[in-house]
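# Analysis of the macromolecular model
Read off the chains here:
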Amino acid sequence: MLTAGCLIKEVRVSTRMIYKKDWCGDGMDKYTGSALVSMDILLSNSGRAPVQGTLRAVITSVSDPEQKVVSTRDLTITQGESLWKLSVTVPEVKLWHTWDLGEASLYDLKLEFADALYRDRIGMKEVSYDSKRGILTLNRERIFLRGAAVDAAADLAA
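Residues numbered from 1 in each chain as written. Predicted model: local features only at pLDDT ≥ 70, side-chain atom pairs only at ≥ 80, totals over all residues. Heavy atoms only, no water.

Moving on: the overall build of the protein. Counting its secondary structure elements, the protein contains 1 helix and 11 strands. Along the chain direction, N to C, the helices and strands of the protein fall in the order β-β-β-β-β-β-β-β-β-β-β-α. A total of 158 residues make up the protein; the buried ones form 34% of that total. Put simply, 60% of the contacts in the protein that link residues at least 6 apart link residues at least 24 apart. When the accessible surface of the protein is totalled, it reaches about 10400 Å², and 52% of it is carbon and sulfur. (Helix = DSSP H or I, 4+ residues; strand = E, 2+ residues; numbered from the N terminus. Buried < 20%, exposed > 50% of the residue type's maximum accessible area, 1.4 Å probe, protein only. Contact = heavy atoms within 4.5 Å. Areas by Shrake-Rupley, 256 points an atom, 1.4 Å probe, with all protein chains shown as cover.)

The subject of this paragraph is the sheet that holds strand S4 (residues 51–61). The strand order across the open sheet built from 4 strands is S5-S4-S7-S8, with neighbouring strands paired in antiparallel fashion. Looking at the sheet topology across the chains shown, the edges are occupied by strand S5 (68–77) and strand S8 (116–122). Neighbouring strand axes in the sheet, compared pairwise and without regard to direction, differ in orientation by 15° on average. Where S4 lies against strand S7 (residues 107–113), 6 bridges are found, and the strand directions are antiparallel. By the bridge assignment, Ile59 is partnered in S7 with Leu109. (Pairing = 2+ DSSP bridges. Axes fitted to C-alpha atoms, helices over the stretch in contact; angles between N-to-C directions.)

Note that Ser82 resides in strand S6 (residues 80–90). Take Ser82: its relative accessible area is 18%, and that puts it in the buried class. Within the structure, Ser82 has its side chain in polar contact with the side chain of Trp84 (distance 2.9 Å). Residue contacts for Ser82: discarding those within four places in its chain leaves Ile41, Leu42, Leu43 and Ile77. (Polar contact = N/O pair within 3.5 Å; in protein donor to acceptor, adjacent residues only side chain to side chain.)

With that settled, consider the nonpolar core. Counting 30 residues, the largest nonpolar core has Met39, Ile41, Val90, Leu111 and Met124 as the members making the most contacts within it. Secondary structure elements with two or more residues in this core: strand S2 (6–20), strand S3 (30–45), S4, S5, S6, S7 and S8. Of the residues forming this core, the biggest block, 5 residues, is contributed by S3. If near-sequence neighbours (up to four positions away) are discounted, Ile41 is found in contact with Ile8, Glu10, Val11, Leu55, Ser82, Leu83, Trp84, Leu86 and Leu111. (Core = buried A, V, L, I, M, F, W, Y, C linked by side-chain atoms within 4.5 Å.)

The next subject is the environment of Leu106. Positionally, Leu106 belongs in the loop between S6 and S7. The exposure class of Leu106 is partly exposed, given its relative accessible area of 30%. The spatial distance from the C-alpha of Leu106 to the C-alpha of Thr60 is 8.8 Å, given a sequence separation of 46 residues.

Enumeration over the complete set of coordinates arrives at 8 salt bridges. Where Glu112 meets Arg56, a salt bridge forms, and the shortest distance between an N and an O atom there is 3.3 Å. Linking Glu112 in strand S7 with Arg56 in strand S4, this pair joins segments that are 56 residues apart in sequence. Under the relative-accessibility criterion, Glu112 is labelled partly exposed at 23%. By relative accessible area, Arg56 is classed as partly exposed at 32%. Here Glu126 and Arg140 are joined by a salt bridge, their closest N and O atoms 3.6 Å apart. Taken together, the positions of Glu126 in the loop between S8 and strand S9 (127–130) and Arg140 in the loop between strand S10 (135–138) and strand S11 (141–143) put the pair 14 residues apart, joining distant regions of the chain. The class of Glu126 is buried, set by a relative accessible area of 17%. Each of Arg56, Lys110 and Glu112 takes part in a single network of salt bridges with overlapping partners. (Salt bridge = Lys/Arg side-chain N within 4 Å of Asp/Glu carboxyl O.)

Have a look at this one:
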């Protein structure tokens, strides 16, 4: 990950489904089948000279390697750390679901800058929590967490 003094130090990825606003009056936004992938990329240059290059993001479907999206951005990185943002729209996305709601479709993310390389596997999903009503949603569908309740008094007595 370290070449020519450049390092991709940290990457934060968030995904969001893209909806068209309700123009028909039925009260429902329409899902477009696309997702927006936003990345906050922390780059570090330990050298004294600025490094110029192209930050390149490649997102590839694991189940269909032919489905590939590429986004680039030309950068000049000065000495020290700098935070860069990059967004990519992925068309015809396959959403990630829990095992009981559908297939857990995954995508490979590859970031390159100079000779620095970062790889990760991501799922296209949108998770939200309504704290007032206590509702957790995944891809705008309500989900319930299942698990064992813990009784502290019973654990102490054992």
